[in-house]
Amino acid sequence: MRSRTIALIATRCLLVAGCANTDRPMPSGSTIERTSTAPHSVAPTVVAHTIAGGCGSTPAFEGPGPDSSDQNLPGNPWASASPPEPRITAYFWRRAPFVAAGSVNPDGGSNKILWIADGGPAEDLVIAAHPLGAVSPMVQFHFPGVRSYPSLVDLPTPGCWQLDLAIGSTRASIDLLVGPSPLT
């Protein structure tokens, strides 16, 4: 029993240490264990499995996510913004790519994302989006809310986009894969 406990602890340490490098995306199927350390956080430890759909330095994960029980999001794919604290998590309503260029995705729905901010100020979410590695085109969004921000994120072209997030003085970013428009 003792050797099994030690092996489990060692495995967890390797998994967490292996995810500390955010310079490269995690391969699909990788696993991480994440515990929030934000002072206001009540989120449990989440064992996350990567799925296809991440881009840039942002991996995507299958549900449940760190806010799943609080927000009734049991199977929604999700991704976390960087830096990890205070935690800002994006929840998606479809499989990757999670949004499509334009305002309609391939299944006829909208490009919905629910942003959850754990900790930090209780102010509106402002997003400045641009293609990864480019400064234009720049698309800006403003979503009112208090730590929970329902949104429609309609970007003009497919590819990997960087979304710079601001909630009051809190700054973070997330890379988002945008699929082709079903209307073209």
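Counting of residues starts from 1 at the beginning of each chain's written sequence and follows it residue by residue. Selection of residues for local features in this predicted model requires a pLDDT of at least 70, selection of side-chain atom pairs for listing and counting requires 80 or more, and totals for whole chains, interfaces and linings are taken over all residues. Excluded from the side-chain calculation are hydrogens and water; included are all heavy atoms of the structure.

Enquirer: What should I look at first to understand the overall build of the chain in this one?
Expert: Only DSSP runs of H or I with at least four residues qualify as helices, and only runs of E with at least two residues qualify as strands; both kinds are numbered from the N terminus onward. For the chain, the count of helices and strands is two helices and 12 strands. Ordered by position in the sequence, the α and β elements of the chain form the string α-β-β-β-α-β-β-β-β-β-β-β-β-β. For every residue, the accessible area obtained with a 1.4 Å probe (protein chains only) is divided by the maximum for its type, and the residue is called buried under 20%, exposed over 50%, and partly exposed between those limits. Expressed as a percentage of its 184 residues, the buried residues of the chain come to 41%. Residue pairs in contact within the chain that sit at least 24 positions apart in sequence constitute 50% of those at least 6 positions apart. Each accessible area value is a Shrake-Rupley result obtained with a 1.4 Å probe; residue values ignore everything except the protein chains displayed when judging cover. In the structure as shown, the chain presents an accessible area of about 9,400 Å², 59% of it carried by carbon and sulfur atoms. Contact definition: two residues touch when any of their heavy atoms are within 4.5 Å.

Enquirer: Sorry if this is basic, but what is going on with the environment of Gln 140 here?
Expert: Locating Gln 140 in the fold gives a position in strand β9 (residues 139-143). Owing to a relative accessible area of 60%, Gln 140 belongs among the exposed residues under this scheme. With sequence-adjacent residues up to four places away left out, Gln 140 is seen in contact with Ile 127 and Ala 128.

Enquirer: For this particular structure, what's the right way to read the sheet that holds strand β11 (residues 159-167)?
Expert: Picture the strands of a sheet paired through backbone hydrogen bonds; they go either parallel or antiparallel. Spatial strand order, β6-β12-β11-β8-β9: five strands in an open sheet with mixed pairing. Whereas interior strands pair on both sides, the edge strands pair on one side only; in this sheet they are β6 (99-100) and β9. A pair of strands counts as paired when DSSP detects no fewer than two bridges linking them. Direction of pairing for strand β8 (residues 125-131) relative to β11: antiparallel, over a ladder of seven bridges. The partner of Ala 129 across the bridge, within β11, is Leu 163.

Enquirer: Would you mind going over the pairing of β9 with me for this structure?
Expert: Put simply, side chains in a regular strand alternate between the two faces of the sheet. Alternating residues of β9 divide into Val 139, Phe 141 and Phe 143, all buried, and Gln 140 and His 142, none buried. Taken together, the five bridges between β8 and β9 define a ladder with antiparallel strand orientation. Looking at β9, one finds that Leu 125 is bridged to Phe 143.

Enquirer: Hey, could you run me through the nonpolar core in this one?
Expert: In summary, soluble globular proteins display a tendency toward joint burial of nonpolar side chains. In these notes, a set of buried Ala, Val, Leu, Ile, Met, Phe, Trp, Tyr and Cys residues joined through side-chain atoms within 4.5 Å is what counts as a nonpolar core. Ranked by internal contacts, the top residues of the largest apolar core, which has 29 residues, are Trp 115, Ile 127, Leu 155, Leu 163 and Leu 165. Elements supplying a minimum of two residues to this core: β5 (87-92), β7 (112-118), β8, β9, β11 and β12 (170-179). With seven residues, the next largest nonpolar core counts Ala 48, Phe 61, Trp 78 and Leu 114 among its residues.

Enquirer: Please explain the pattern of salt bridges as it appears in this structure.
Expert: Pairing between side chains of opposite charge can happen when their charged atoms approach one another. By salt bridge we mean one thing: a side-chain nitrogen of Lys or Arg within 4 Å of a carboxyl oxygen of Asp or Glu. The final tally for this structure, using the stated rule, is two salt bridges. The salt bridge involving Asp 67 is made with Arg 87; its shortest N-O contact spans 2.9 Å. Note that Asp 67 is positioned in the loop between β3 (58-61) and α2 (68-71) and Arg 87 in strand β5, a separation of 20 residues in sequence. There is no split in this pair, since Asp 67 and Arg 87 are both buried. What makes Arg 87 buried here is its relative accessible area of 2%.

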